[in-house]
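Summary of structural features
What follows is the residue order along each chain.
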Amino acid sequence: MHNINTSNIINSLIGNNTIYYNGKKNIFSYILSECDLFNIIYEPNQSFSLMITDDPIAYSQSIDKISLQFHTNTLVLFQQSAPAALKKEDRFILDKKLAKSFRVFFDENIKKSWSLNNPLLTKDIKYGVPEYSNCTKTKNICILDIENNDSIKRLYQHIKNYADCDIITDINDDLLSILSSYKICVSPNNMYDSLLCASTGSWVFSSYLLADKNIENISNVIDYSIINDSIKKVLDDWNSLQETIQNSKKYILDNYTLSNYYHSINNSRLQISRRAFIHEA
Amino acid sequence: MNILYIAPYRLANDLGLESLNLLCHLYDSEHIIVSRCFFNGSATIKDLSLLDVINHTENSTISKFDLLIQHLPIQNLSYTSKIGSSLVWPVTQGLIPSNEQIDKYKFLASKSMFLCDNAIDKFLLEHIGIKKHTMLINSISNKLYDKPNIGKFDIGIYKTYNKYYTIVNHSLEHHIQSLIINFIRTIGKKQNNCLLLFMPYISQNILDKYNTYIKECYKSFDISFSINKIIIIPIDYNIDNLLSAHNTGDVYINLKDSIQKELAKKFNHKVIYNKSSQLKIVWNRWDLQKNGAINFYEDLDLNNTVISSPGTSNLKEIINANA
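Definitions and cut-offs
Residues numbered from 1 in each chain as written. Chains lettered and ligands numbered in written order. Predicted model: local features only at pLDDT ≥ 70, side-chain atom pairs only at ≥ 80, totals over all residues. Helix = DSSP H or I, 4+ residues; strand = E, 2+ residues; numbered from the N terminus. Rg over C-alpha atoms; globule rule 2.2 N^0.38 Å. Buried ≥ 20, exposed ≤ 12 C-beta atoms within 10 Å, placed from the backbone. Contact = placed C-beta atoms within 7 Å. Core = buried A, V, L, I, M, F, W, Y, C linked by C-beta atoms within 7 Å. Pairing = 2+ DSSP bridges. Axes fitted to C-alpha atoms, helices over the stretch in contact; angles between N-to-C directions. Domains from an automatic or database assignment. Nonpolar A, V, L, I, M, F, W, Y, C, P; charged D, E, K, R; others polar. Arc of directions from axis to C-beta. Right-handed = clockwise from strand over helix to strand, strands pointing away.

1. A look at the overall build of chain B
The secondary structure content of chain B amounts to 10 helices and 14 strands. The C-alpha radius of gyration computed for chain B amounts to 21 Å, which stays within 12% of the reference 20 Å derived for 323 residues, consistent with globular compactness. Considering only C-alpha atoms, chain B reaches an extent of 65 × 45 × 35 Å along its principal axes. Per-residue burial for chain B yields a buried fraction of 40% across its 323 residues. Pairs at least 24 residues apart make up 71% of the contacts formed inside chain B by residues separated by at least 6 positions.

2. Quick notes on the overall build of chain A
Helix and strand counts for chain A stand at 12 helices and 11 strands. Against the compact-globule benchmark of 19 Å for 281 residues, chain A has a radius of gyration of 20 Å, which places it among compact chains. Residues counted as buried form 40% of the 281 residues belonging to chain A. Sequence separation of 24 or more characterises 66% of the internal contacts of chain A that already satisfy a separation of 6 or more.

3. Comments concerning the nonpolar core
Within the largest apolar cluster, 85 residues are counted, with the highest numbers of intra-cluster contacts made by L4, Y5, A7, L23, L197 and I253 of chain B. Sorting elements by how many residues they give to this core places helix α1 (residues 14–27) of chain B first, with 7 residues. Beyond its immediate chain neighbours, meaning those up to four positions away, A7 of chain B contacts S19, L22, L23, F38, H71 and L72 of chain B. Judged by nonpolar contacts, the second largest core, of 64 residues, contains I19, V104, C142 and F205 of chain A.

4. What to know about the sheet that holds strand β7 (residues 162–167) of chain B
All names here are of chain B. The 6 strands are arranged β9-β8-β7-β10-β11-β14 in an open sheet whose pairing can be described as mixed. In the strand order of this sheet, the two ends are held by β9 (230–235) and β14 (305–307), each with one partner. Mean inter-strand twist for the sheet, computed between neighbouring axes without regard to direction, equals 30 degrees.

5. So, the domain arrangement of chain B
All names here are of chain B. Domains assigned within chain B are domain 1 (2–146 + 312–321) and domain 2 (156–307). Distance between the C-alpha centres of domain 1 and domain 2: 27 Å. Across the contact, 24 residues belong to domain 1 and 20 residues belong to domain 2. Put simply, the parts of the chain that give the side of domain 1 that touches domain 2 at least two residues each are α1, α4 (119–127) and α5 (142–145). Looking at the side of domain 1 that touches domain 2, its residues break down into 13 nonpolar, 8 polar and 3 charged.

6. A few points about helix α2 (residues 51–58) of chain B
All names here are of chain B. Residues V53, I54 and T57 constitute the buried set of α2. The arc that holds the buried residues of α2, viewed along the axis, is 95 degrees, so those residues lie on one side. Pointing more than 90 degrees away from the buried face of α2 are the exposed residues L51 and D52. As for α2, its buried residues are in contact with α1, β2 (32–37) and α5.

7. Topic: unusual backbone geometry
Residue and element names in this part refer to chain A. Phi at H71 takes a positive value of approximately 55 degrees, unusual for a residue other than glycine. Following the sequence through the fold, H71 ends up in the loop between α4 (63–70) and β4 (74–78). Of the residues examined, H71 has 22 C-beta atoms within 10 Å and is grouped as buried. The residue S115 is not glycine, and still its phi comes out positive at about 50 degrees. Residue position: S115 is located in the loop between α6 (108–114) and β6 (122–124).

8. Brief notes about the sheet that holds strand β11 (residues 218–220) of chain A
All names here are of chain A. Pairing in this open sheet of 5 strands is parallel, and the strands run β8-β7-β9-β10-β11 from one edge to the other. Looking at which strands have only one partner, the edges of the open sheet turn out to be β8 (165–168) and β11. Adjacent strand axes in the sheet meet at a mean angle of 25 degrees when their direction is disregarded. The sheet contact formed by strand β7 (residues 139–144) and strand β9 (residues 182–186) spans 4 bridges and is parallel. Note that in β9 the partner of K139 across the bridge is Y182. Where helix α9 (residues 191–199) meets the sheet, its contacts fall on β7, β9, β10 (203–206) and β11, and the angle it forms with β10 comes to roughly 165 degrees.

9. Looking at the pairing of β7 of chain A
Working note: regular strand, side chains alternate between the two faces of the sheet. Residue and element names in this part refer to chain A. As paired strands, β7 and β8 are joined by 4 bridges and run parallel to one another. Bridge pairing in β8 places C142 opposite D166. In this region the chain leaves β7, passes through helix α7 (residues 150–160) and returns to the parallel neighbour β8; the handedness of that crossover is right-handed.

10. Brief notes about the domain arrangement of chain A
Residues and elements named next belong to chain A. Structurally, chain A comprises domain 1 (4–128 + 258–273) and domain 2 (139–255). Across the contact, 10 residues belong to domain 1 and 11 residues belong to domain 2. Looking at the side of domain 1 that touches domain 2, the element that brings in the most residues is helix α2 (residues 27–33), giving 3 residues. Each residue belonging to the side of domain 1 that touches domain 2 can be placed in one class, and the counts come to 4 nonpolar, 3 polar and 3 charged.

Okay, here's the thing in structure tokens:
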């Protein structure tokens, strides 16, 4: 007999460290699940003390049903900019819907794009990336398509027609070893993936840039039709770009440390999961 | 003792008020209380005059508990071995549980003390074979009752009448219709008796429906009247309105056992009770609950009014017994 709501209430008070990750399985969630300060589950098949969601709009649309089902507080992750179609009134409704949810922003530009300025509910957390020592570049280009995106597959074909390019669709324990072996990573839709690849000493092409101007080995791509020219230029200039790449790599590893990131998420968990869950019908 | 209390105490209905009342008693005890509200989608009380109690018990930082008290429907009750003692006050709504639910009741009964606060729930627990249960006297906490100015509803010419009244959810259609007929054919014939029906959150359509029903009843009894003596008063469900409703009426009609009966006692009102000996299990063909419900099967005797003084909460004894 399903009574996960009451179990969650009890467990959130007596120190349960399980988090239900209600979101996409991707590199971000994979790295998060490697933390031993908490236990990530992807299905709500056991009691948990906090829910994390990575899709603010979808979550806000089903918040009544989900929150009543689970009776836990939620961390809403904002990892992408607000959609251009999101109107002022939509933001107002979103803010009202998320009135009891805690919002995590990893980047100042993304935070500005959403304009959800409730400081009591907002947490600014810096991404953290694992450090990988063997970053020998043996291959030229990879494109990341962990979330099985058709437009990325088309982009892969577009690049492959001109250059030797691999597509990475799976996450496994060799992920860091694989990513670090490429000189160039194309990561169109994911800021975390871009940062991770940049931290291995690769040059990254991405639609998203962190607001942090000290990271110089990520190029912002607006028009992917001319990406092959950009790729060729980086490969041609590879040796002269090394100082920029290595400086950025060091900066990322110094400033986006995995332990700080894990502790920030865990501190949020400890702070939020014990708070009384309030639902307003 | 550190006590964790899980109940729907923020809900704006009788169930929520019962839970809130017990929370007030717990708050006034010598124990450390942590509360968590259980929500089911119903409206929540907006004018939280008891916000201090709620905030204090919701913001406690205790993480080790000696006693768990749950006031929840059977499907939401939980068991944990990490809290030594457990009190279960099930929300039954008089419905006979399914076989699966009965198994859960029996499992919880082997680990917990069951509480009930009315004849119907006591009957139900005994019906499913749970002998280990205690009648909880959830008398009205002073925190709910002691208000500086309790108002009265303006009922115009009826204020000089002998005012029979009840506070009832409009969805209890059968009970309300039965009461209307019962009133018209018995005490309603007397010149100075009127019936006040306080109904929380009633829409204009439903109000019109009940008023039409009242007119039809008078007509079918062939009673011509110069003045309708059954008045429906729509109210928002909040503590001030409930106290005002009780302060307006004279004789409380206890349709379904609820905390309103205890509030009426606080006002020293006469109460018309159902008789617990008249309980039986009924199968209503319109009822989605296939296993039936427990109900009173005879009409209320509106001439049988009783003055009963408010009880004294036995929560302290119950907690001590489970310490």
